[in-house]
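# Remarks on the overall topology
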Amino acid sequence: MPDLMPPGSSVRRRAGVQLAGILAVATGVASTIRAEFGVAPYDVVSTGMHERLGIPIGVAAVLLPLLFVGAGLAVGGRNRVGIGTVLDVALIGPVLGAALYLIPEGAEPAARVGLFAVGFALITLGIVLVIVPELGAGPAEVLMLAISDRGHAMAPVRMGIEVASVAIGF
């Protein structure tokens, strides 16, 4: 796979790409939440925390990544954390909260389909923009990679984290 960042790209440029990715992911997640057709595994936990604990989803979207990073660090994922990880933890929740504030609730079904499609596309684009700068693993990836580094196959570890997230969020 070709390197999508030009060789020698500055940390500033890489961080700019990371920030664009964070904006896209958070806005996409907010769109899928407002579409009310279902959300990704980690968003099940965030929305569940919102419903059960009465905290804003944006706050839950900061706490959950902190838990993932903390658990990843506890099992040896220190070499996976970077400035991008910190930016993800610190910014996705507040941007998600702002996007939820701006995107109205209760749209008609056709509009909700559009919201979901746009949200899915934004999440996909955002994930690419968060990975490409190579500024550190995402919060859930810190945990996944730390467990994988201990000799466990990555696919089952990832699936286990996602299934656990849905079960806990449900």
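This write-up is about the structure you can find in this document. Worth saying up front: this structure is predicted, and the values here are computed from it rather than measured.

### Examining the nonpolar core
Val29, Ala30, Ile33, Leu96 and Leu100 are the most contacted members of the largest nonpolar core, which has 18 residues in total. Of all the secondary-structure elements, those providing two or more residues to this core are α1 (11-35), α3 (57-74), α4 (83-102) and α5 (109-131). No other element matches the seven residues that α1 contributes to this core. Residues in contact with alanine 30, not counting those within four places in the same chain, are Leu96, Ala99, Leu100 and Ile103. Counting 15 residues, the second-largest nonpolar core is a separate cluster that includes Met49, Phe68, Val142 and Leu145.

### Some points on the packing of helix α2 (residues 41-53) against helix α7 (residues 154-169)
Packing of α2 against α7 brings their axes to within 7 Å, and their N-to-C directions diverge by 25°. As the angle between them shows, α2 and α7 are arranged roughly parallel. The hand of the α2/α7 crossing is left-handed. In this structure, α2 contributes Pro41, Tyr42, Val44, Val45 and Gly48 to the contact, and α7 contributes Arg158, Ile161, Glu162, Ser165, Val166 and Gly169. Classifying every residue of the contact of α2 with α7 by side-chain character gives six nonpolar, three polar and two charged.

### Examining α3
For α3, with 18 residues, the first-to-last C-alpha span of 25 Å sits near the 26 Å given by 1.5 Å per residue. Among the residues making up α3, those that are buried are Ile57, Gly58, Ala60, Ala61, Leu64, Pro65, Phe68, Val69 and Gly72. Each buried residue of α3 sits inside an arc of 165° when the element is viewed along its axis, so together they form one side. Counted as exposed and oriented over 90 degrees from the buried face of α3: Leu67 and Ala74. Where α3 is buried, its residues touch α1, α2, α4, α6 (139-149) and α7. In the segment just after α3, glycine 76 is the residue with positive phi, at about 100°.

### So, the packing of α3 against α4
Direction vectors running N to C along α3 and α4 enclose 160°, while the axes themselves pass 7 Å from each other. By the angle between their directions, the pair α3 and α4 is classed as roughly antiparallel. For the element pair α3 and α4, the recorded crossing hand is right-handed. Taking contact as the criterion, the partners of Ile57, Gly58, Ala61, Val62, Pro65, Leu66 and Val69 in α3 are, on α4, Thr85, Val89, Gly93, Pro94, Leu96, Gly97 and Leu100. For the contact of α3 with α4, a count of residues per class yields ten nonpolar, four polar and no charged.

### Observations concerning the pattern of salt bridges
For the structure shown, the criterion picks out three salt bridges. Between glutamate 141 and arginine 158 there is a salt bridge; the shortest N-O distance is 2.7 Å. Note that glutamate 141 is positioned in helix α6 and arginine 158 in helix α7, a separation of 17 residues in sequence. Taking relative accessible area as the criterion, glutamate 141 reaches 24% and is therefore assigned partly exposed. Here arginine 158 makes a salt bridge to glutamate 162, at a shortest N to O gap of 2.8 Å.

The rules we used
Residues numbered from 1 in each chain as written. Predicted model: local features only at pLDDT ≥ 70, side-chain atom pairs only at ≥ 80, totals over all residues. Heavy atoms only, no water. Core = buried A, V, L, I, M, F, W, Y, C linked by side-chain atoms within 4.5 Å. Buried < 20%, exposed > 50% of the residue type's maximum accessible area, 1.4 Å probe, protein only. Helix = DSSP H or I, 4+ residues; strand = E, 2+ residues; numbered from the N terminus. Contact = heavy atoms within 4.5 Å. Axes fitted to C-alpha atoms, helices over the stretch in contact; angles between N-to-C directions. Parallel < 35°, antiparallel > 145°, perpendicular 65-115°, else oblique. Left-handed = near helix turned anticlockwise from the far one by under 90°. Nonpolar A, V, L, I, M, F, W, Y, C, P; charged D, E, K, R; others polar. Expected span 1.5 Å × (residues − 1). Arc of directions from axis to C-beta. Salt bridge = Lys/Arg side-chain N within 4 Å of Asp/Glu carboxyl O.

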